[in-house]
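These are the residues of each chain, in order.
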Amino acid sequence: ALALILLLDQFPRNIFRGLARAFGTDAQARDVAAQAIDRGFDAVKMKLGRPDPREDFERVKAVRKAIGDSTTLMVDVNTVWDLKTAIVWGRRLEQFDIAWLEEPMHPFDVRAHAELAKALDVPIAVGMRAGSHFNVPYQLEPYMPLENIKAVNVGGFGARLQASLDAAGLRV
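Residues numbered from 1 in each chain as written. Predicted model: local features only at pLDDT ≥ 70, side-chain atom pairs only at ≥ 80, totals over all residues. Heavy atoms only, no water.

Asker: Lay out the overall build of the protein in plain terms, naming residues and giving numbers.
Answerer: Of regular secondary structure, the protein possesses seven helices and seven strands. N-terminal to C-terminal, the α/β element order of the protein is β-β-α-β-α-β-α-β-α-β-α-β-α-α. Looking at the protein as a whole, 47% of its 172 residues qualify as buried. Taking as baseline every contact in the protein between residues at least 6 positions apart, the subset at least 24 positions apart corresponds to 64%. As displayed, the protein offers around 8600 Å² of accessible surface, 52% of which is attributable to carbon and sulfur atoms. (Helix = DSSP H or I, 4+ residues; strand = E, 2+ residues; numbered from the N terminus. Buried < 20%, exposed > 50% of the residue type's maximum accessible area, 1.4 Å probe, protein only. Contact = heavy atoms within 4.5 Å. Areas by Shrake-Rupley, 256 points an atom, 1.4 Å probe, with all protein chains shown as cover.)

Asker: Could you give an account of the nonpolar core, naming the residues involved and the relevant values?
Answerer: Ranked by size, the top nonpolar core spans 28 residues in total, and within it Val 60, Val 63, Leu 73, Leu 93, Ile 98, Leu 101 and Leu 116 carry the most contacts. For this core, the elements supplying multiple residues, two or more each, are helix H1 (26-38), strand E3 (43-47), helix H2 (53-67), strand E4 (72-76), helix H3 (83-93), helix H4 (110-119) and strand E6 (124-126). The next biggest cluster of nonpolar side chains, apart from the first, holds six residues, and it includes Ile 15, Met 74, Ala 99 and Ala 125. (Core = buried A, V, L, I, M, F, W, Y, C linked by side-chain atoms within 4.5 Å.)

Asker: Please set out the pattern of salt bridges residue by residue, giving values where relevant.
Answerer: For side chains of opposite charge, pairing can occur when their charged atoms come near one another. Tallied over the full model, the rule gives eight salt bridges. Where Asp 31 meets Arg 30, a salt bridge forms, and the shortest distance between an N and an O atom there is 3.1 Å. Its relative accessible area of 36% is what places Asp 31 among the partly exposed residues. Its relative accessible area of 34% is what places Arg 30 among the partly exposed residues. Across the pair Glu 102 and Lys 45 runs a salt bridge, and its minimum N-O distance is 2.9 Å. Of this pair, Glu 102 sits in strand E5 (residues 101-102) while Lys 45 sits in strand E3, placing them 57 residues apart in sequence. Overall, the relative accessible area of 0% leaves Glu 102 in the buried class. Residue classification places Lys 45 among the buried residues on the basis of a relative accessible area of 14%. Connected through shared salt-bridge partners, Asp 26, Arg 50, Glu 55 and Arg 59 make up one network. (Salt bridge = Lys/Arg side-chain N within 4 Å of Asp/Glu carboxyl O.)

Asker: Could you give me a rundown of the confidence of the model for the protein, with the residues and numbers involved?
Answerer: When pLDDT is averaged along the protein, the result is 77; 62% of the residues meet or exceed 70. Per-element averaging of pLDDT across the protein places strand E1 (residues 2-3) at the bottom with 45 and H3 at the top with 98. Under a pLDDT of 50 for its full length, residues 1-9 has, in the predicted model, 24 contacts with residues more than four places off or in other chains. (pLDDT = per-residue confidence, 0-100.)

Asker: An account of H3 is requested, with residue identities and associated values reported.
Answerer: Inspection of H3 places Ala 86, Ile 87, Trp 89, Gly 90 and Leu 93 among the buried residues, and these make up the whole buried set. Where H3 is buried, its residues meet H2, E5 and H4. Near the N-terminus of H3, the side chain that reaches the backbone nitrogen of Lys 84, with its oxygen 3.3 Å away, is that of Asp 82. (Polar contact = N/O pair within 3.5 Å; in protein donor to acceptor, adjacent residues only side chain to side chain.)

Asker: Which residues make up the pairing of E3, and what values go with them?
Answerer: In terms of burial, E3 is largely enclosed, as four of its five residues are buried. The sheet contact formed by E3 and E4 spans five bridges and is parallel. If you follow Lys 47 over to E4, its bridge partner there is Asp 76. At this point the chain moves from E3, through H2, to the parallel E4, and the crossover so formed is right-handed. (Pairing = 2+ DSSP bridges. Right-handed = clockwise from strand over helix to strand, strands pointing away.)

Shown next, in the form of C-alpha cells:
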C-alpha cells in the first residue's frame, strides 16, 4: 500500500470538499464545483453513496464536465456499496478519470476491497476508519494502492505517520 502522505507532491493540496451526497441537485453540484475551481481550488472531492448508484454516476458526470479533465476528481462512497455494486459502478466511474475511489464498502471487509482493487483500474483508498495504527497493515492488503488514515482515529499524528510508513513497508 502506498501512503497518501508520501504522495503530497503528486496530488493537489487545495482540495474543495463541499459536495456532500445530500448536496442539492446535480446542476447545483456542477455549478458549485465549477465555482470552486474558478476560486483557485485545484481538485474536487465529492461524496457518493445515494441509494441508487445511477444518481451518483450522473452527479460525477456533471461535476467532471464542469471542472474539466485537467482537474483532479476524487470520490468517496462512504462505505455503502457491496462488492458487486462497487465493481459495476466503479468500472463505470473509471471513464471520468477519478484519482481514487474511497471506501466504497464496509471498511473492514478486507477481502472485498482486495477483490475490488484487482477488478478496477482506479486506485481504492481505504484505512480512514482504522482504530489503531496496529490494524492498518491487516486492513491494507498488498493490492490496496492507497491508504487514507485519519490521525484522530489512530492516536494522533505520530501514530498516523507510523501507520503510513507501515503501509508503505518502511521501517523507522
